[in-house]
Amino acid sequence: MATVEERVKAVTGRVLGIDPSEIKPEHSFTFDLGAESVQSVELVAAYEVEFKIEMDEDAALAVETVGSAVEFITRVCKEQNVPAEE
Amino acid sequence: MTMAAMDRTGSTSGQRQRSLESIFYPRSVAVCGVVPTPGTVPHDIFRNILDSGFTGTLYPVAPFKRSICSVRAYRYVIDIDDDVDLAVIVYPANVVHKAIRQCGEKGVRAVIVVSAGFREVGPTGAERERQIRDICDDYGIDMIGPNCLGVINTDPASCLNASFARKMPQAGRIAFLSQSGALCTAVLDYARDRAIGFSKFVSFGNKAGVSEVDLLHYLYEDDKTDVILLYLEEITDGRALAEAARRVTRGPKGKPILALKSGRTPQGAKAAASHTGSLAGQDAVADAIFRESGILRVDSIEQLFNAAVMYAYQPLPQGNRVAIVTNAGGPGVMATDAAIALGLEVPSFEQATSASLKASLPAAANIKDPVDVIGDARSDRYCAALAAVLDDPNVDQALVILTPQSMTDIEAIARGVIQVQQSATKAIACSFMGGADVAPGVHLLQRAHIPHFILPEWACRAMAEVQRIRKWRELPEDRPEALPVDRDAAAAIVDAAPAGYLPEDQALAVLAAYGLALPPFRLVRTPEEAVAFADQIGYPVVLRVVSPQIVHKTEVKGVALDLGDAAAVHDAFEGMMDHLADVRPGAEVSGVLVRGMIPHGHEVILGAQRDAAFGPVLMFGLGGVYVELFGDVTFALAPISRARAGRMIDGVKAGKLLRGLRGHPPADIAGVQESLMRLGQLMVDFERVAELDVNPLIARPVEAGGNMVADVYIRLDP
């Protein structure tokens, strides 16, 4: 079963063109992973598709690190009754 | 805010000496946060540095990117295997602190934070700004920005365009400093159209680190800069700005500073209760202090560049005499009127000049200043007249006016003026009046760096300002002198008083301790005491109620004037108390002030307040009930020299009144000067004095007893 963190890293790696094994929870999307502003929007959309959830865009874009994204998505999954792990 | 607090929280200029060489002449630059997408700020700044021909080494910092624009990229600035002098930070605001901390660890000397999202967006951004400023201070990093366009240095020794301006401007002798980034791009475009070049171009944004004050000091020393243009939205440390401006404009290198300032703050004025406070909005104070610091303030970009071109490309006129050459009588007369009203001279020509003009112009032409070459004049007539007047020893500069008539060869006249200019040693300004028809000629003039003004009056104004600056630079250096005062006596009152308005008897005592002339006064509590004191000082006298709850005494009939005998004093005292008991039954009355009646004289106001940006500021003007009506006031930083006090008095209409109008003897002007100096000293000595009005000071001739304070109002901070 893939954890939320594994799924987030996989999506992040795919969108940013980075090997997921190089991504750590403490990484900042912009400072450490080099995400451009347009890629941040793409990431939010890709997480929504991956987890089958809908996120508040402003709140999602305010998330700074991979670890925070995991927490944010876990919370949204719970609120929307969607399984976070598969 | 006290001066001490301002030094801590306002300008950073006082914190340490900045060299700024790493900003303008870095040996290596890292752009931190570059992305590979053209058309984005992070990408284009990197591209601009690359394309500008930067003489140093350039490193892109772009996590997980192999290269940017074919240049090998680094994940972090600390990964660069070379020293880095300057980092340009283009990350989003929320991670800028991480980038600066790494720069500190790397030993980077300066950063330009282009990113927005700081103080300008509210409290969260302000906290971010404080955080990055603290990191810069910890590591000794000089920071430009945040929220700025960047920095350009056209010096071939650097060739640095670390900005997201579209094009590198051409090299020139003008430096441009701007708080607004957006204005910078417009200015660059405007300047390119007029072939104006820059030495340094700095958008300093929120000025969390390097301020305009630091930049002025740097540019004073910069051999590539002759003129400094400044666009300011807010003044953080006006005192440091004034000091820097004085050094830049009056030092041995003497460079003009031209400033466009916006951001007026009427809210501050509304909140103030005193006359001084209501008149001393920061803009009015800034205006006066700019003048006294040698900063030439202009109202538009057009004026800014015209004046800059005048300074940078035209010889500095050695006097105020202007020759006018026009093809239209009306505008010539208008220009003459404006010139004279602004303090310029329209001189008589030497005989040789008149002869030359007579020989080259038609008989109907006016060969006196303003020279009218007549409506059908073509370029030959203009050139002959202009060359003749510029040769005249009575002429310091010339103004060429043109109105487009059917036979006017506008472009040929412009070329002729340019040709005359090339061999002239005197300044020329032009006013080709009109729009579409004159545009090609105006364009030629502008590209040849001959200042052009749409209206002749504007040209005269610019010429007059040049004279003002010339005279300012010639003024002898003057320093405030300490006058003998009884500081201890004043401290005994001020230190013991609570925040708020000082009771009148105590305010008068403070002024007395600082040597201002006052009528005899005493606070009394009974009609009998009032009569006894009046008998002692002689009649007539004045009674004034003293109560912490009553600031405006006349509103409660708390003032009785011109009381000629004991009975009048007794009755007035009792009447005053009876009325107060009716209208202000709860008011706490300290007593009634009895003082001598001051004979008639000119009413002037001497004020002071503690300005958030400038610290203690003095005001002088026409006083009494006319203060706000006419607003005839001027300001200066306290403390003040005797000469500066004199210039304050001469700077307003009240000064003329004091010097004696229509046969009236002059008032004691030296006494007014000294009173201003003493009030300045008081403001510096006591930081708790928030504002102060001496209104009116009755100014009278020395032989009539000299000046006397009639009313005073002092408010103390906690």
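Residues numbered from 1 in each chain as written. Chains lettered and ligands numbered in written order. Predicted model: local features only at pLDDT ≥ 70, side-chain atom pairs only at ≥ 80, totals over all residues.

**Focus on the overall build of chain A**
Looking only at helices and strands, one finds 4 helices and 0 strands in chain A. Tracing chain A from N to C terminus, the helices and strands come up as α-α-α-α. Over its C-alpha atoms, taken along the principal directions, chain A stretches across nearly 30 × 30 × 20 Å. For chain A, buried positions account for 30% of its 86 residues. Sequence separation of 24 or more characterises 57% of the internal contacts of chain A that already satisfy a separation of 6 or more. (Helix = DSSP H or I, 4+ residues; strand = E, 2+ residues; numbered from the N terminus. Buried ≥ 20, exposed ≤ 12 C-beta atoms within 10 Å, placed from the backbone. Contact = placed C-beta atoms within 7 Å.)

**Remarks on the overall build of chain B**
What chain B contains, in helices and strands, is 26 helices and 29 strands. Projecting the C-alpha coordinates of chain B onto the three principal axes gives extents of approximately 95 × 80 × 40 Å. The proportion of buried residues among the 718 residues of chain B is 52%. Sequence separation of at least 24 residues holds for 72% of the intrachain contacts in chain B that already meet a minimum separation of 6.

**Regarding the environment of Ile112 of chain B**
Residues and elements named next belong to chain B. By secondary structure assignment, the location of Ile112 is in strand S6 (residues 110-113). As a C-alpha pair, Ile112 and Phe533 span 421 residues in sequence and 70 Å in three-dimensional space. When neighbours within four sequence positions are excluded, Ile112 is seen to be in contact with Leu86, Val88, Ile89, Ile144, Gly145, Gly150, Val151 and Ala162.

**What about unusual backbone geometry?**
Among all residues except glycine, the phi angle is most often negative; among peptide bonds, the trans geometry is most common. Residue Pro370 of chain B is reached from Asp369 of chain B by a cis peptide bond, and omega for that bond is 5 degrees. As for its placement among the helices and strands, Pro370 of chain B is situated in the loop between helix H14 (351-360) and strand S16 (371-372). Between Ala638 of chain B and Pro639 of chain B the backbone carries a cis peptide bond, its omega angle lying at 0 degrees. Within the element layout of this structure, Pro639 of chain B appears in the loop between strand S26 (633-637) and helix H24 (642-650). Not every positive phi belongs to a glycine, and Asn81 of chain A is a case in point at roughly 55 degrees. By the element assignment, Asn81 of chain A lies in the segment after helix H4 (66-79).

**What about the sheet that holds strand S12 (residues 227-232) of chain B?**
Residues and elements named next belong to chain B. The 7 strands lie next to each other as S9-S8-S11-S10-S12-S13-S14, forming an open sheet whose pairing is mixed. Edge positions in the sheet fall to strand S9 (160-163) and strand S14 (295-298), since each has one partner strand and no second. Across the sheet, the mean angle from the axis of one strand to that of its neighbour is 20 degrees, orientation sign disregarded. For strand S8 (residues 150-153) and strand S11 (residues 198-203), the ladder comprises 4 bridges, and the chain directions are antiparallel. Within S11, the position partnered with Ile152 by the bridge is Phe201. Its contacts with the sheet place helix H3 (residues 41-51) against S8 and S9, and it is angled at close to 175 degrees to S9. (Pairing = 2+ DSSP bridges. Axes fitted to C-alpha atoms, helices over the stretch in contact; angles between N-to-C directions.)

**Quick word on the packing of helix H13 (residues 329-341) of chain B against helix H18 (residues 456-474) of chain B**
The axes of two packed helices give the description: the angle between them and the distance between them. Residue and element names in this part refer to chain B. It is the contact of H13 with H18, at a shortest axis distance of 9 Å, that shows an interaxial angle of 30 degrees. Here H13 is positioned roughly parallel relative to H18, judged by the angle of their axes. The two elements H13 and H18 cross, and the hand of that crossing is right-handed. Side by side, H13 and H18 meet where Pro331, Met334, Ala335, Ala338 and Ala339 of the first sit next to Pro456, Glu457 and Cys460 of the second. Looking at the contact of H13 with H18, its residues break down into 7 nonpolar, no polar and 1 charged. (Parallel < 35°, antiparallel > 145°, perpendicular 65-115°, else oblique. Left-handed = near helix turned anticlockwise from the far one by under 90°. Nonpolar A, V, L, I, M, F, W, Y, C, P; charged D, E, K, R; others polar.)

**Some remarks on the pairing of strand S10 (residues 171-178) of chain B**
All names here are of chain B. A large share of S10 lies buried, amounting to 6 of its 8 residues. Here 5 bridges tie S10 to S12, and the two strands are oriented parallel to one another. The residue of S12 that forms the bridge with Ile174 is Val227.

**Describing the domain arrangement of chain B**
Each assigned domain of chain B is listed here: domain 1 (314-474), domain 2 (520-596) and domain 3 (602-716). Taking only C-alpha atoms, the centre of domain 2 of chain B and the centre of domain 3 of chain B are 27 Å apart. (Domains from an automatic or database assignment.)

**Notes on the nonpolar core**
Grouped together as the largest cluster of nonpolar side chains are 240 residues, with contacts concentrated most on Val88 and Ile89 of chain B. Apart from residues no more than four positions distant in its own chain, Ile89 of chain B is found in contact with Cys32, Gly33, Val96, Ala99, Ile100, Val111, Ile112, Val113, Val114 and Ser115 of chain B. Core analysis: the next-biggest nonpolar cluster, separate from the first, contains 17 residues, Phe29, Ala35, Ala60 and Val63 of chain A among them. (Core = buried A, V, L, I, M, F, W, Y, C linked by C-beta atoms within 7 Å.)

**A closer look at helix H7 (residues 212-221) of chain B**
Residues and elements named next belong to chain B. In terms of burial, H7 is largely enclosed, as 9 of its 10 residues are buried. Buried within H7 are the following residues: Glu212, Val213, Asp214, Leu215, Leu216, His217, Tyr218, Leu219 and Tyr220. Looking at the buried side of H7, the elements it contacts are S10, S11, S12, helix H8 (238-250) and strand S13 (257-261).

**Focus on the sheet that holds strand S5 (residues 86-89) of chain B**
Two strands in a sheet stick together by hydrogen bonds in their backbones, pointing the same way (parallel) or opposite ways (antiparallel). All names here are of chain B. In space, the 5 strands of this open sheet follow the order S2-S1-S5-S6-S7, with parallel pairing throughout. With one partner strand each, in any of the chains shown, strand S2 (57-61) and strand S7 (142-144) form the two edges of the open sheet. Geometrically, the sheet is characterised by an average inter-axis angle of 20 degrees between neighbouring strands, direction not taken into account. In the sheet, S5 pairs with S6 via 4 bridges, with the strands oriented parallel. Paired with Ile89 across the strands is Val113, a residue of S6. The sheet contacts of helix H4 (residues 93-106) involve strand S1 (28-32), S5 and S6, and relative to S5 the element is tilted by about 170 degrees.

**Quick look at the pairing of S2 of chain B**
Residues and elements named next belong to chain B. Summarising the sheet, S1 and S2 pair through 5 bridges and their orientation is parallel. Residue pairing across strands places Ser28 opposite Thr57, the latter belonging to S2. You can see the chain leave S1, run along H3 and come back into S2, and the turn it takes is right-handed. (Right-handed = clockwise from strand over helix to strand, strands pointing away.)

**Thoughts on the packing of helix H21 (residues 527-537) of chain B against helix H22 (residues 566-583) of chain B**
Residue and element names in this part refer to chain B. It is at 9 Å that the axes of H21 and H22 come closest, and there the two elements cross at 145 degrees. With respect to the hand of their crossing, H21 and H22 are arranged in right-handed fashion. Mapping the contact onto sequence places Pro527, Ala530, Val531, Ala534 and Asp535 in H21 and Ala566, Val569, His570, Phe573 and Glu574 in H22. Residue classes in the contact of H21 with H22 are distributed as 7 nonpolar, 1 polar and 2 charged.

**Overview of the environment of Thr554 of chain B**
Locating Thr554 of chain B in the fold gives a position in the loop between strand S21 (541-546) and strand S22 (559-563). Counting along the chain gives 10 residues from Thr554 of chain B to Arg544 of chain B, while the straight-line C-alpha distance between them is 9.0 Å.

**A short note on the confidence of the model for chain B**
Residues and elements named next belong to chain B. In this model, chain B carries a mean pLDDT of 90, and residues with pLDDT of at least 70 account for 95%. Ignoring residues within four places in sequence, the model shows residues 1-16, a span with pLDDT below 50, making 23 contacts including any to other chains. In this model residues 267-273 is a low-confidence stretch, pLDDT under 50, and it forms 9 contacts with partners more than four residues away in sequence or in other chains. Confidence estimates for the predicted assembly give a pTM of 0.85 and an ipTM of 0.91. (pLDDT = per-residue confidence, 0-100.)

**Digging into the environment of Ile493 of chain B**
Its location among the elements puts Ile493 of chain B in helix H19 (residues 487-494). Between the C-alpha atoms of Ile493 of chain B and Ala710 of chain B, which are 217 residues apart in sequence, the distance is 20 Å.

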